[in-house]
Amino acid sequence: MTQAMIGIEDLDVTFGYGAATVHAVQNVTFQVKPGESFGLVGESGSGKSTVLRAMSGLNPDWSGNVSLDGQTLGRQRDKAFYKRCQMVFQDPYGSLHPRHTVDRILAEPVAIHGLGDADKRIDRTLREVGLGPQFRFRFPHQLSGGQRQRVAIARALILEPRVLLLDEPTSALDVSVQAEILNLLKRLRAEHGLTYILVSHNLAVVAYMCDRLAVMNRGRVVEELDVESLRRGQAQQDYTRQLLLASQGYDRAVADSFKDFA
Amino acid sequence: MTVSPSATPLLTVENLRVRFPSRTGYTEAVRGVSFTVGREKLGIVGESGSGKSVTGRSLLRLVAPPGEVTADRIEFDGTDLLHASERKMREIRGQRISMVMQDPKFSLNPVMTVGRQIAEAYRVHTKASRSEARRRTLDMLGAVRIRDPERVFDLYPHEVSGGMGQRIMIAMMLIPDPDLLIADEPTSALDVTVQMQVLAIMDELCSSRGMGLIFISHDLNLVASFCDRILIMYAGRVVESCRAGELHAAKHPYTRGLLDSLPRLDDDRAELPVLTRDPAWAAEGGR
Ligand SMILES: Nc1ncnc2c1ncn2[C@@H]1O[C@H](COP(=O)(O)OP(=O)(O)OP(=O)(O)O)[C@@H](O)[C@H]1O
Ligand SMILES: Nc1ncnc2c1ncn2[C@@H]1O[C@H](COP(=O)(O)OP(=O)(O)OP(=O)(O)O)[C@@H](O)[C@H]1O
Ligand SMILES: [Mg+2]
Ligand SMILES: [Mg+2]
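Per an unreviewed UniProt entry, chain B goes by the name ABC transporter ATP-binding protein and belongs to Skermanella aerolata. Under the heading Sequence similarities (unreviewed entry), UniProt records this for chain B: "Belongs to the ABC transporter superfamily." Recorded in UniProt for chain B, the comment headed Subcellular location (unreviewed entry) runs: "Cell inner membrane".

An unreviewed UniProt entry lists chain A under the name Glutathione import ATP-binding protein GsiA, with Skermanella aerolata as the source organism. One UniProt comment on chain A, placed under Catalytic activity (unreviewed entry), says "glutathione(out) + ATP + H2O = glutathione(in) + ADP + phosphate + H(+)". Per its UniProt entry, chain A bears the Function (unreviewed entry) comment "Part of the ABC transporter complex GsiABCD involved in glutathione import. Responsible for energy coupling to the transport system."

Asks: Can you break down the site of ligand 2 residue by residue, with the values?
Replies: Residue and element names in this part refer to chain B. The environment of ligand 2 is made up of 13 residues, and the closest members are Ser-48, Gly-49, Lys-52, Ser-53 and His-218. At 2.8 Å from an oxygen atom of ligand 2 is found a side-chain nitrogen or oxygen belonging to Lys-52. Backbone polar atom of Val-54 to an oxygen atom of ligand 2: 2.9 Å apart, as the coordinates give it. The protein chains hide 65% of the 640 Å² of surface that ligand 2 would expose on its own. Take the shell around ligand 2: its biggest share by element is four residues, from helix 1 (residues 52-59). For the shell around ligand 2, the class distribution of residues is three nonpolar, seven polar and three charged.

Reading the values: rules and limits
Throughout, a residue's number is its position along its own chain's written sequence, starting from 1. Each chain takes a letter, starting from A, and each ligand takes a number, starting from 1, following the order in which they are written. Given that the model is predicted, a residue must reach a pLDDT of at least 70 before its local features are reported, and side-chain atom pairs must reach 80 or more before they are shown or counted; all residues, however, enter totals for whole chains, interfaces and linings. As a convention, hydrogens and water are excluded, and side-chain values are obtained from all of the structure's heavy atoms. UniProt positions are given in the numbering used here, feature names are shortened, and annotations may be inferred rather than shown by experiment. Whether a residue is near a molecule or strand depends on its heavy atoms: it is near if one of them lies within 4 Å of it. In protein, a polar contact requires one atom able to donate a hydrogen and another able to accept it; more generally it is a pair of N or O atoms within 3.5 Å, and residues adjacent in sequence count only if both atoms are side-chain atoms. For every accessible area listed, the method is Shrake-Rupley and the probe measures 1.4 Å; residues are considered covered only by the protein chains on display. Only runs of H or I of at least four residues qualify as helices and only runs of E of at least two qualify as strands under DSSP, and these elements are numbered from the N terminus. Lys, Arg, Asp and Glu make up the charged group, whereas Ala, Val, Leu, Ile, Met, Phe, Trp, Tyr, Cys and Pro make up the nonpolar group; the residues left over, Gly among them, are polar.

Given below as structure tokens:
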């Protein structure tokens, strides 16, 4: 068996103390192979973003075992980690500094990592995400939602990472821009052999982008399945079947039949 | 049962135009939009920047200067919204017409707990006591499927997940029992099962109380299955309108393009088609 690019074992994350403690992620375990694209779906508030944030070191309060390319990760993430693993955030409005130009947003990581040749890198990366040089000195508010999301992806790509953690990268975008971004992410993965974890509520998006997926509910992974089974509706767990049913569109009777899964 | 548009609509909009001055002239955000809403669910779809949110906001006169709003007529249940006094508008906003804004985290006060925000919004419009407002708030949070309402009541906006933020906004807007709800991408951050349950709540209010709903969304499949009628907007205009069940048979090449760009569970394509725009779509009066 090939060694996992991302290994998550018994991940637990809590927030708060004492009686107010929230166990946001419990016992989460999964592995992602090099070059694989892994989907994370499930209930709102089930801990999907928290898993990605723990992986990227944005959330120090976790226990378990997290590894990248065979190396166990500690509490602190070093520069070398961010060179290899980057995250694209759920909120396309909040994640870009409003008073920084695209150029500055992209130059910063290059400077932090002392990579040099910033000018050429920025130019190339912008081209790669389909933004011409005319966008380079714009501010975020001068960009459309889709263009902003491209900048967020460019910022993640500029360090040439091996792994991208994508948190709902298209849920705020319209369907045509979504198609552009998904095509872009798919092409980048094929060209650079990238490994993805993609969080999405849209099962069709996950089917289009991923090889396998995990379904989360209330902080736990309830089921792992491959995309072929998802497409054929072959889920083992009732919660996953409920998700599949819900993604077929609105139906009052179906909505009324939904259960809470504890 | 779905409610069909009744004889006297709740809201009538004729020739709505909204523009914003810019350095190079004007951005024409909405260019002559007309529609009615009865006691029904009207969907508005269209690409980003097509004018959906601006249309919704102008109905409540929430487009701030230097934005300019004109129309031949905006009438809500006998009231002329174009010329109503600011005082009258404040009465209507929140009480008779509610709007769920597209960006929940922008609309929530970051330094007040979410429960208090909902409770105070309720107290503004009713003479309810503090404890009554708290009880109603907890009920409403439960109704929008927030688990553990007591805990969430005391959280600040940054402590709730994306989907919880949206449901908190919906709870806040439904609590005054409006006649018309304008919901701008209200469920885009919700997982599909919770989304469906939240839609069922709105559906119930429409069918049992005759609430009218304007539902703005990017999700064509959802709108097709949830709404009664759909307007498709492009570049500030309504380019096509249809019964929701007929969206998949839409004729306009723009609508077709939007439908084609959707990934599908039952169709494994190597690449998703993206829109190629035709300048004729934007021409006024053109189709
Ligand atoms: N900073 C925080 N403080 C307290 N609780 C938090 C914090 N961040 C997250 N949580 C809680 O952790 C749980 C999981 O949140 P998370 O954001 O991971 O959910 P999610 O699966 O990404 O949901 P969504 O699909 O709605 O984005 C939620 O109950 C949330 O309230
Ligand atoms: N305050 C403003 N000042 C200047 N231009 C504005 C303002 N608000 C909106 N616009 C412009 O009006 C047009 C329509 O915007 P609107 O927000 O209605 O789009 P939308 O259809 O809701 O898009 P999305 O799906 O991305 O939310 C856009 O070109 C937008 O840039
Ligand atoms: Mg999340
Ligand atoms: Mg909008």
